[in-house]
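# Descriptive analysis of the structure
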Amino acid sequence: MVTTKKYDFLIVGAGLYGAVFAHEAKKRGKTCLVVDKREHIGGNTYCKKIEKINVHAYGAHIFHTNDKKIWDYVNDLVPFNRFTNSPIANYKGDLYNLPFNMHTFYQLWGVKTPAEAKTIIEEQSKKYKNKQPQNLEEQALSLVGEDIYLKLIKGYTEKQWGRKATELPSFIIKRLPLRFTFDNNYFNDNYQGIPIGGYNELTGGLLEGIDVQLGVNYFKDKVALDSMAENTVFTGKIDEYYNYEFGKLEYRGLRFDHEILDMNNYQGNAVVNYTETEVPYTRILEHKHFEFGQQKKTVITKEYPLEASSKQEPYYPINDTQNNNLYLQYKNRASKDLVIFGGRLAEYKYYDMHQVIGAALAKTKKLFDN
Ligand code: FAD
């Protein structure tokens with residue numbers, strides 16, 4: 001007896017990878033069911049509306065790309081605003097512009113010309129240049145010298161990684177861009193912004209007309225869910241998919257503490273990094289500034305880095321040799337299955353949003369158009 005399944009694709013995960021995949025499949029006349037264990041779509045891009053402000057529930061998300069096709073693709077779904085990421089660093093109460101540029105050098109040393117700034121940086125870094133750096137600290141000192149390293153890099157990096165900079169490998173910092181212009185625009189990309197109305201407008205647009213079930217953990221009902229579709233696209237953790245048979249892949253965690261404040265403007269900028277070790281969080285976000293909000297109140301979020309643990313939400317893959325080798329075992333295992341694995345958790349890879357969209361577009365193009 002031939003049975004036809006209800007859907008062409010079951011897509012596990014309503015983040016950007018799953019949503020773009022579903023959108024592209026639907027365009028080609030395929031039917032999809034998207035499930036997510038969270039109670040909302042959008043994965044880590046999800047925005048929660050609090051006090052009429054789109055709060056980036058899983059940390060600041062700023063869209064940037066050099067790829068005009070990707071920029072046009074997202075803007076066809078929702079117009080983007082012209083937000084420019086220009087974070088501020090707070091070190092022991094003093095404020096500095098990021099990325100490191102002429103404003104920063106003026107704030108650090110009072111210098112007004114690129115030549116003066118270069119002289120100081122060369123002076124401070126030259127004694128570290130003659131030897132092969134043994135750790136992140138030595139690497140950073142040889143690139144930017146003492147003041148920038150001690151005030152703006154050391155504490156932030158140690159909090160992020162939960163380890164002393166002298167215990168971190170030098171390859172984490174390959175280069176530290178120094179800009180000898182008065183330019184606070186963090187990204188070098190041609191296009192950047194925030195979807196007007198928040199990221200749910202983008203993922204909602206992608207998933208329009210597609211069946212979505214929320215609060216559904218695939219592993220709790222795998223057999224029944226698989227039986228509903230001809231094919232499965234999986235965007236969750238690849239090690240979990242294989243029941244951790246080779247071991248667990250590690251991730252750095254994060255905790256987000258959101259606060260509503262009874263004032264209209266707390267810090268005057270969307271992102272302020274706290275670069276000293278003594279302050280336990282790495283940054284404070286003030287969400288209304290992503291969309292130039294004029295609401296009466298404001299919502300801020302403190303981001304606390306956490307040690308990797310299997311109980312926490314996985315945020316940043318720890319792509320060291322051990323984890324990468326482990327991932328290769330899973331990847332090899334997955335190549336023998338028909339399931340499509342995609343996205344940051346299934347590929348154990350840090351993806352920016354434009355990159356994950358690009359990856360899902362490439363996958364669907366290969367699958368449907370060849
Ligand atoms: P996700 O968004 O994680 O989606 C995967 C979905 O799968 C999740 O919703 C999850 O609930 C679901 N899922 C997992 N397992 C199951 C299961 N068993 N059953 C059902 N559902 C399941 N990118 C930028 O371009 N700019 C930024 O400024 C930026 N900032 C970031 C800040 C932080 C703190 C983090 C962590 C990431 C940031 N990113 C940023 C990256 C961005 O979040 C990712 O590119 C994007 O979310 C990846 O999409 P995805 O679909 O692969 O994963």
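Here, the structure is the one placed above.
What follows deals with the site of the ligand. The local shell around the ligand holds 30 residues, among which Asp36, His61, Arg344, Tyr351 and Met353 are the closest. Interatomic distance of 2.7 Å between a side-chain N/O atom of His61 and an oxygen atom of the ligand. For the shell around the ligand, the secondary-structure elements that each account for two or more residues are α1 (16-27) and α11 (353-369).

Next up on the list: the pattern of salt bridges. Going through the model one piece at a time under the given rule, you end up with 16 salt bridges. The shortest N-O distance in the salt bridge between Glu123 and Lys126 comes to 3.2 Å. Taken together, the residues span about one helical turn, with Glu123 and Lys126 both in helix α4 (residues 114-129) at a distance of three residues. In this structure, a network of salt bridges that share partners links the residues Glu24, Lys27, Arg28 and Asp369.

Looking now at the pairing of strand β13 (residues 283-286). Burial along β13 is two-sided: the residues Arg283 and Leu285 and Ile284 and Glu286 are all buried. Where strand β12 (residues 271-274) and β13 come together, three bridges link them in antiparallel fashion. Residue pairing in the sheet places Val271 in a bridge with Leu285 of β13.

Burial in helix α3 (residues 102-109) covers these residues: Met102, Thr104, Phe105, Leu108 and Trp109. All buried residues of α3 project into a common sector of 155° when viewed along the axis, lining one side. Tucked inside the fold, the buried residues of α3 contact β7 (94-97), α4 and α6 (146-161). Its side-chain oxygen 2.8 Å from the backbone nitrogen of His103, Asn101 forms the N-cap of α3. Directly beyond the C-terminal end of α3, a positive phi value near 75° is found at Gly110.

This part is about the sheet that holds strand β1 (residues 7-12). Consider a sheet: its strands pair through backbone hydrogen bonds, and that pairing is either parallel or antiparallel. Across the sheet, five strands lie side by side as β9-β2-β1-β10-β16; this open sheet has parallel pairing. Two strands lie at the open edges of the sheet, namely β9 (211-214) and β16 (340-341), each paired on one side alone. Strand direction decides the pairing type here: β1 and strand β2 (residues 32-36), joined by four bridges, are parallel. What sits directly across from Phe9, in β2, is Cys32. Helix-sheet contacts for α1 involve β1, β2, β10 (229-234) and β16, and the interaxial angle to β1 is about 165°.

This part is about helix α5 (residues 136-144). Most of α5 sits inside the fold, with seven of its nine residues counted as buried. Regarding α5, the residues found buried are Leu136, Glu138, Gln139, Ala140, Leu141, Ser142 and Val144. Buried-residue contacts for α5 involve α4 and α6. Remark: Gly145 follows α5 within two positions and exhibits a positive phi of approximately 80°.

The next point concerns the side chain of Gln192. When you line up the elements, Gln192 lands in strand β8 (residues 191-193). A distance of 3.1 Å separates a polar atom in the side chain of Gln192 from the backbone nitrogen of Asn85. Separated by 2.7 Å, the side chains of Gln192 and Asn185 make a polar contact. When sequence neighbours within four positions are dropped, the list of residues in contact with Gln192 reads Ile62, Phe63, His64, Trp71, Asn81, Arg82, Phe83, Thr84, Asn85, Asn185 and Phe187.

Reading the values: rules and limits
Each chain has its residues counted from 1, running along the sequence as written. It should be noted that, the model being predicted, local features are given only for residues of pLDDT at least 70 and side-chain atom pairs only at 80 or more, the latter also being counted only at that level, while totals for whole chains, interfaces and linings use all residues. Computation of side-chain values covers all heavy atoms of the structure but excludes hydrogens and water. We call a residue near a molecule or strand whenever a single non-hydrogen atom of that residue lies within 4 Å of it. Polar contacts, as counted here, are pairs of nitrogen or oxygen atoms within 3.5 Å of one another; within protein the pair requires one atom able to donate a hydrogen and one able to accept it, and residues that are adjacent in sequence qualify only if both atoms are side-chain atoms. Strands are runs of DSSP state E lasting at least 2 residues, helices are runs of H or I lasting at least 4, and numbering of each runs from the N terminus. Any carboxyl oxygen of Asp or Glu that lies within 4 Å of a side-chain nitrogen of Lys or Arg is treated as forming a salt bridge with it. Each residue is assigned to one of three classes by its accessible area relative to the maximum for its type, calculated with a 1.4 Å probe on protein chains only: buried under 20%, partly exposed between the two thresholds, exposed over 50%. Note on pairing: DSSP must find at least two bridges between two strands before they are called paired. Throughout, the arc means the angular range of directions from the helix axis out to the C-beta atoms. We call two residues contacting when some pair of their heavy atoms lies within 4.5 Å. The angle between two axes is taken between their N-to-C directions and runs from 0 to 180 degrees, where each axis is a line fitted to C-alpha atoms and a helix contributes only its stretch in contact.

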